[in-house]
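# Fold and contact review
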Amino acid sequence: MSKPSDEISPRAKKLHFSSIVIDTHDDTTQRLLAPGFDIGVRHTDGSIDIPRMREGGLGAIFFSIWMSGTVTGPEAVKRSLDQFDAVREMVRTHAKDLVLCTTATEIRRAHADGKIAVLIGVEGGHMIDSDLAVLRSYAALGARYMTLTHYLNDEWADSSTDKPAHNGLTDFGKEVVREMNRQGMMVDISHVSDKTFYDALAISQAPIIASHSSCRALCDHPRDMTDDMIKALASKGGVIHINYYMGFLSQEYRDAMKSNSELDKQMQAEIEKRCGKNEDCQLREGDNLVREAVAAGKLPRVEWEAIIQHIDHAVKLVGADHVGLGSDFDGANMPYGMEDVSMIPKITDALLKKGYSEADIRKILGENTLRVMEQVEATAKSLAQSK
Ligand SMILES: [Zn+2]
């Protein structure tokens, strides 16, 4: 296999590898839980490991703390703590390459030191067990964003992929957002219902993010953001980080999945057969099955350039200050040509070819995320004495 970074122009390479490139959403934590998995060596499966992050010039990565929304209560807290520990132990045992970071300044320092900054995001409010003390403990362990819901509603917020139960955020949900402001955690509205998004935006005193969502104008999926939502997010300084999942990028792929529920059922049954309840296995076998279905002509092939279309749509809508990258690597089916993190210099190359300025590309690659982090940190400081 040719090295993807060899295919890009020298100018793109120089720009990419001198920028701080940030990916705000990766589900690689599930792999860390598998016995024997070593992030320090190159793998032939999955999308993330240290050699491939180096090859792709990734400067900072948010590891997701995640479990299904069906896991709740103390069990969800226990399992979250296990995942925090797995991420922190990974950093400890690979300290030559990785460093745990919780601020924008620490990310810049890591970059200057030639290390990859590891950050933590909690993907789903169900994991705090409706307890602000748990939320604060997660912040103390390093969590720098929390996605307010996952695929299901939680006790205090509606999800985009569940039936509305709370009319957006409950009063407690609003308290959660305020507490996140105090703790210096970014409020992440990926996965939430449109009403939850507008509630969170109204309550938050700091800019908010979508850590891994794409544009609904290009692919009509409730997980993606409408143009009005992207504009509202940007008007308060926030950033939409584009998700690379084929089903959020391509209307054709979405339509094919929707119209072929039999195929989806078959794939789910086959995944269950191959993996049981092992979530790491489910993600990778699921990807194999999707690629088999594409090869058999049962699903359309989505090329990586679709990512560029979504970036460009959002930039045309709200400008280059409000767009970033949130791949969903190791958590979703990636488009062809963007199977792993080593391929991300192609994004820089494509944006240059489109005529984007180097300054704008640096913003999209990571500076916008750093700016939001700084604003969230400043808000926390200003609220430090508040009740
Ligand atoms: Zn997600």
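Each remark here, short or long, concerns the structure printed above.
Residues numbered from 1 in each chain as written. Predicted model: local features only at pLDDT ≥ 70, side-chain atom pairs only at ≥ 80, totals over all residues. Heavy atoms only, no water.

### As for the overall build of the protein chain
As a reminder of what qualifies: Comment: elements are numbered from the N terminus, with helices defined as DSSP H or I runs of at least four residues and strands as E runs of at least two. A radius of gyration in this sense is built from C-alpha atoms; the matching globule rule multiplies 2.2 Å by the number of residues raised to 0.38. Under the scheme applied here, a residue whose accessible area is under 20% of the maximum for its type counts as buried, over 50% as exposed, and between as partly exposed, the area being computed with a 1.4 Å probe on protein chains only. Here, residues are in contact when the closest pair of their heavy atoms is within 4.5 Å. We get accessible surface area from the Shrake-Rupley algorithm with a probe of 1.4 Å; when it comes to residues, only the shown protein chains can shield them. In this tally Asp and Glu are treated as negative and Lys and Arg as positive; neither His nor the chain ends contributes. Just so you know, the charge point we use is NZ for Lys, CZ for Arg, CG for Asp and CD for Glu.
Check the secondary structure of the protein chain and you find 16 helices and nine strands. Here the C-alpha atoms of the protein chain give a radius of gyration of 19 Å, agreeing with the 21 Å that 2.2 N^0.38 yields for 387 residues. When its C-alpha atoms are laid out on the principal axes, the protein chain stretches across 55 × 50 × 45 Å. For the protein chain, with 387 residues in total, the buried portion stands at 59%. A separation of at least 24 residues holds for 71% of the contacts in the protein chain among residues at least 6 apart in sequence. For the protein chain, the accessible area works out to roughly 15000 Å², and carbon and sulfur atoms hold 50% of it. Here the protein chain holds 46 positive side-chain charges and 58 negative ones, and the gap between their average locations is 4 Å.

### Brief notes about helix α14 (residues 305–318)
Counted only if it meets this: The span you would expect from a helix comes to 1.5 Å times its residue count less one.
Given a rise of 1.5 Å per residue, 14 residues ought to cover 20 Å, and the 20 Å separating the end C-alpha atoms of α14 matches this to within 8%. Of the positions making up α14, those classed as buried are Ala306, Ile307, Ile308, His310, Ile311, Asp312, Ala314, Val315 and Val318. Structurally, α14 contributes buried residues whose contacts are with α9 (227–235), β8 (239–242), α10 (246–249), β9 (323–325), α15 (345–353) and α16 (358–382). Looking one or two residues beyond α14, the residue adopting positive phi is Gly319, at roughly 90 degrees.

### Details of the nonpolar core
Condition: What makes a nonpolar core is a set of buried Ala, Val, Leu, Ile, Met, Phe, Trp, Tyr and Cys residues whose side-chain atoms join them at distances within 4.5 Å.
If you look at the biggest cluster of nonpolar residues, it comprises 104 residues, and the most contacted ones within it are Phe197, Ile311 and Ile347. Contacts of Ile311, omitting those with residues within four sequence positions, involve Ile242, Val323, Leu325, Ile347, Leu351, Tyr356 and Ile364. Counting 19 residues, the second-largest nonpolar core is a separate cluster that includes Ala60, Ile107, Ala110 and Met186.

### A look at the coordination of the zinc ion
Stated precisely, the cut-off is as follows: Shown as donors are all N, O and S atoms within 2.8 Å of a metal ion, widened to 3.2 Å for Na, K and Ca; because water is not in the atom set, sites may appear incomplete.
On the protein side, the zinc ion has Glu123 (OE), His191 (NE2) and His212 (NE2) as donor atoms, found 1.9 to 2.2 Å from it. Mapped onto the polypeptide sequence, the residues donating to the zinc ion form the spacing pattern E-x67-H-x20-H. Residue Glu123 is found in strand β4 (residues 116–123), and its partner His191 is found in the loop between β6 (186–188) and α8 (194–203); the two are separated by 68 residues along the sequence. Here Glu123 matches His191 in class, with each residue buried.

### Considering the side chain of Gln30
If you trace the backbone, Gln30 turns up in helix α2 (residues 29–32). Overall, the relative accessible area of 5% leaves Gln30 in the buried class. Beyond its immediate chain neighbours, meaning those up to four positions away, Gln30 contacts Trp66, Gln83, Glu279, Asp280 and Leu283.

### Here we look at the pattern of salt bridges
Our working definition: Any carboxyl oxygen of Asp or Glu within 4 Å of a side-chain nitrogen of Lys or Arg constitutes a salt bridge here.
Enumeration over the complete set of coordinates arrives at 30 salt bridges. Arg52 is the partner of Asp340 in a salt bridge, and the nearest nitrogen-oxygen pair spans 3.1 Å. Taken together, the positions of Asp340 in the loop between β9 and α15 and Arg52 in helix α3 (residues 50–55) put the pair 288 residues apart, joining distant regions of the chain. We note that Asp340, like Arg52, is buried. One salt-bridge network, in which partners are shared between bridges, spans Arg136, Glu175, Arg178, Glu179 and Arg182.

### A word on the state of the cysteines
Formally: Here, the term disulfide refers to a pair of cysteine sulfur atoms separated by no more than 2.5 Å.
Tallied over the entire structure, the rule returns one disulfide. Disulfide pairing is shown between Cys275 and Cys281; the S-S distance is 2.0 Å. Around the S-S axis, the bridge from Cys275 to Cys281 shows a dihedral of about -65 degrees and counts as left-handed. Assigned by exposure class, Cys275 and Cys281 land together as buried. No disulfide involves Cys215; its nearest neighbouring cysteine sulfur is the one of Cys219, lying 10 Å away.

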